[in-house]
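Residues per chain, in single letters:
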Amino acid sequence: MERKSLNLKASLLVLLIFSAVLAMSLSLRAKEFNQEDLERWDNEFMSVVMEGEKLFHSPSLGNNKVSCDQCHPNAANTHPETYPKFQQQLGRVVSLFEMVNWCLQNPLEGDPLAADDPEMVALLAYITYERRGVPLEPGKH
Amino acid sequence: MKIDRRTFLKTAGTALVGSALPVSLVKVAFGAADSARDFTFGYISDAHIQYIKGKDFVRNWDMGLKRSIMEANLLSPRPDFFMFGGDLAQLGMKEELDHGLDIMSSLRGEVHYVIGEHDYYLDLGEYWQEKIGPLYYSFDHKGVHFVVLNSILTYDGWTHKDWDSPMDRMKAMARLDNPEGSPFMVGEEQIAWLRKDLEKVNKGTPLCVFSHSPLQKIFKGWNFWTEDAEKVQALLKPFRKATVIYGHVHQVQYNQIGNITFHAVMATAWPWPYPESYRQAASCLPKLTVHMNRADPFFERDATGWQYINVMDGKAAMHYQLPDNENRSVVYNHRTGYPEDAKYQDYADRVPPQKHY
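Because the structure is a prediction, the values reported are computed rather than measured. (Residues numbered from 1 in each chain as written. Chains lettered and ligands numbered in written order. Predicted model: local features only at pLDDT ≥ 70, side-chain atom pairs only at ≥ 80, totals over all residues.)

## A short note on the overall build of chain B
We apply this condition: Working definition: helices are DSSP H or I runs of at least four residues, strands are E runs of at least two. Numbering for both runs from the N terminus. To assign burial, the other C-beta atoms lying within 10 Å of each residue's own C-beta are counted, with C-beta atoms placed from the backbone; 20 or more indicates buried, 12 or fewer indicates exposed, and intermediate counts indicate partly exposed. Any residue pair is listed as a contact if its two C-beta atoms, each placed from the backbone, are within 7 Å.
From N to C terminus, chain B includes 9 helices and 15 strands. By the burial criterion, 45% of the 357 residues in chain B qualify as buried. Restricting to contacts in chain B with at least 6 residues of sequence separation, those with at least 24 account for 71%.

Here it is in structure tokens:
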């Protein structure tokens, strides 16, 4: 009975070691990626940017048919590179998603989105993508 | 001092009027001593009245137009006439044009209208012509020849392509940053009309042309652009004093090309970024322009406005009326030969909010 249990323990240990080695080799392999991976990841990102572009130009994101691009063509004058910054009108340091929500609630007369809502992520992806190449300047007004 | 209720009300009333009215609205300033031919007109533009549903319209844009009219109605002495610079509607709908005209009807004075792309691309100007009038025309006033152009036409191939519906076409043109859009133009038919119209005008007569789009090329991506601008400019070239005033761009812009002075007007609805704020494409804002202040979105009317224009000795002096901001004046300087901001033209005089990036 005891022997059987020992055997079981030994088998479990082997299994555990095997799993650990497997996990290690997998994690080692995960550090390698090829051109195909890069393209796939870029496509994944761009599909979210495109989703953001659609939302940014959508009359149904808010409640009064006003869309973000009416004031911000190509997401200009959103300055994602300056966030987080002291938003003087709010009197505190905020991230860009809070300003997006301010716009959703005021000019668009709609409801705010959670920071990790896929729609918010898409909007931020589009806004940031249209500003690509501009150096980060957090805090700049 | 004892203040009874009646005295208080009287004082409070005076204080309220005093603080609510910008000083410039109390009296229009006429420049020259011999001002028999000098006059003033008002300019309201880009109201973008937007229909929601039922009887609802976007409150913010309604308020912009109403405020400009309320202020313009206080001008004294009265301006000789008003211009409306285009984009009365957002999507060219009858509801929007009717509602916009209803608000405009409270403006005291004669109004001449310029059509914008937001008024046009649903029914190609049909309802506009029925309710307002022709899309291009000219008139004379106190020795100045005024021309109104429809500068927001585009290639026939785009206008008449296989759209799912007229509203599809309207929305495609209404989207400023649409990569599938099409550049504005005046077109051969209208250029031929303009040539004929100007033939009978003495070349010493001051000429003032109103268009919705800039009759110069600033940024094609947002149609701050007229494809055949050079052809129109060529017809204005023989005139010693030529001025072009345009809407569409929702911001302060001014320029001088040869003899032609260009001024843009503000929107009553919302401001637009300067094209250089979009970093993925090159643009060409006139170097003369001192930018308007960056908008503070928390003040709904900030970086919107309207203007009154003094025509002195045949050239325009633009007086931008800017709620929530200091008013600006851009005046043609006969000595330098180009328009200048009355306060900020020198780099040393500019302020941080005028820096856009």
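Let us keep going from here.
## Regarding the overall build of chain A
Across its full length, chain A holds 4 helices and 2 strands. Its helices and strands taken in sequence order, chain A reads α-α-β-β-α-α from the N to the C terminus. Counting every position in chain A, which comprises 141 residues, the buried fraction comes to 24%. Of the contacts formed within chain A by residues at least 6 apart in sequence, a portion of 62% connects residues at least 24 apart.

## Concerning the packing of helix H8 (residues 188–199) of chain B against helix H9 (residues 229–236) of chain B
Residues and elements named next belong to chain B. Quick reminder of the rule: The axes used here are C-alpha line fits, helices contributing only the stretch in contact, and every angle between their N-to-C directions lies in the interval 0 to 180 degrees. Any angle that falls under 35 degrees is termed roughly parallel, while one over 145 is termed roughly antiparallel, one within 65 to 115 roughly perpendicular, and all others oblique. Here the term charged refers only to Asp, Glu, Lys and Arg, the term nonpolar to Ala, Val, Leu, Ile, Met, Phe, Trp, Tyr, Cys and Pro, and the term polar to all other amino acids, Gly among them.
At a closest axis distance of 10 Å, the pairing of H8 and H9 adopts a crossing angle of 10 degrees. By the angle between their directions, the pair H8 and H9 is classed as roughly parallel. Residues Ile191, Leu194, Arg195 and Leu198 of H8 form the contact with H9, whose participating residues are Lys231, Val232 and Leu235. Considered class by class, the residues forming the contact of H8 with H9 number 5 nonpolar, no polar and 2 charged.

## Focus on the sheet that holds strand S9 (residues 242–246) of chain B
Residue and element names in this part refer to chain B. Rule in force here: Whether two strands pair comes down to DSSP finding at least two bridges between them.
Pairing in this open sheet of 6 strands is mixed, and the strands run S6-S7-S8-S9-S11-S10 from one edge to the other. Two strands close off the open sheet at either side, each with one partner strand: strand S6 (137–141) and strand S10 (254–257). In this sheet, adjacent strand axes meet at a mean angle of 20 degrees when their direction is disregarded. Of the pairings in the sheet, the one linking strand S7 (residues 144–148) to strand S8 (residues 207–211) comprises 4 bridges and is parallel in character. Its bridge partner being in S8, phenylalanine 146 is matched across the sheet by cysteine 208.

## Considering helix H2 (residues 59–72) of chain B
Residues and elements named next belong to chain B. Filter applied, for reference: Take the number of residues in a helix, subtract one, and multiply by 1.5 Å to get its expected span.
With 14 residues, H2 extends 20 Å from end C-alpha to end C-alpha; this agrees with the ideal 20 Å at 1.5 Å per step. Of the positions making up H2, those classed as buried are Trp61, Gly64, Leu65, Ser68, Ile69, Glu71 and Ala72. On the buried face of H2, the contacting elements are strand S1 (39–44), strand S4 (81–84), helix H3 (94–104), strand S12 (306–312) and strand S13 (315–321).

## Quick look at the confidence of the model for chain B
Low-pLDDT stretches of the model should not have their predicted coordinates read in fine detail. Residues and elements named next belong to chain B. Keep this limit in mind: Confidence of the prediction at every residue is given by pLDDT, a number between 0 and 100.
Taken over all residues, the pLDDT of chain B has a mean of 92, while the share at 70 or more is 90%. Note that pLDDT drops below 50 for residues 1–21; the model gives that stretch 3 contacts with residues more than four away or on any other chain. Residue range residues 23–34 is modelled with pLDDT below 50. Its contacts to residues more than four positions away, or to other chains, number 22 contacts. Confidence estimates for the predicted assembly give a pTM of 0.89 and an ipTM of 0.90.

## Looking at the sheet that holds S13(B)
Residue and element names in this part refer to chain B. Strand order in the open sheet made by the 7 strands is S5-S4-S1-S12-S13-S14-S15, with mixed pairing throughout. At either end of the open sheet lies a strand with only one pairing partner, and these are strand S5 (111–113) and strand S15 (338–341). Ignoring which end each strand starts from, the neighbouring axes of this sheet average 25 degrees apart.

## Considerations on the environment of B:Leu149
All names here are of chain B. Relative to the helices and strands, leucine 149 is located in the loop between S7 and helix H6 (156–159). With 11 residues separating them along the chain, leucine 149 and serine 138 place their C-alpha atoms 8.6 Å apart. Those residues in contact with leucine 149 that sit more than four places away from it in its chain are Tyr136, Val186, Gln190, Val209 and Ser211.

## Remarks on the pairing of strand S14 (residues 328–333) of chain B
All names here are of chain B. Burial of S14 is one-sided: the residues Arg328, Val330 and Tyr332 facing one way are buried, the residues Ser329, Val331 and Asn333 facing the other way are not. The pairing of S13 with S14 spans 4 bridges and is antiparallel. For methionine 318, the partnering residue across the bridge sits in S14 and is valine 330. Hairpin connection of S13 to S14: 6 residues between the antiparallel strands, including aspartate 324 at a positive phi of 65 degrees. As defined by bridge partners, S14 adjoins S15 across 4 bridges and the pair is classed as antiparallel. In the sheet register, tyrosine 332 faces S15, and the bridge partner there is proline 339.

## Looking at unusual backbone geometry
A cis geometry characterises the amide bond from A:Tyr83 onward to A:Pro84, with omega recorded as 0 degrees. Looking at where A:Pro84 falls in the secondary structure, it is placed in the loop between helix H2 (35–56) and strand S1 (85–87). Across the junction of B:Ser76 and B:Pro77, the peptide omega takes the value 0 degrees, indicating a cis bond. Following the sequence through the fold, B:Pro77 ends up in the loop between H2 and S4.

## Section: the packing of helix H3 (residues 96–105) of chain A against helix H4 (residues 118–129) of chain A
Residues and elements named next belong to chain A. Axis separation between H3 and H4 bottoms out at 11 Å; the angle between their running directions is 105 degrees. By the angle between their directions, the pair H3 and H4 is classed as roughly perpendicular. Here Leu96, Phe97 and Val100 of H3 lie close against H4, whose contacting residues are Met120, Leu123 and Leu124. Partitioning the contact of H3 with H4 into residue classes produces 6 nonpolar, no polar and no charged.

## Observations regarding H3(A)
Residue and element names in this part refer to chain A. Worth spelling out the cut-off: When we speak of the arc, we mean the arc of directions from the helix axis to the C-beta atoms.
Taken as a whole, H3 has its buried residues at Leu96, Phe97, Met99, Val100, Cys103 and Leu104. Mapping the buried residues of H3 onto a view down its axis gives an arc of 160 degrees, with all of them on the same face. Of the surrounding secondary structure, the elements contacted by the buried residues of H3 are S1, strand S2 (92–94) and H4.

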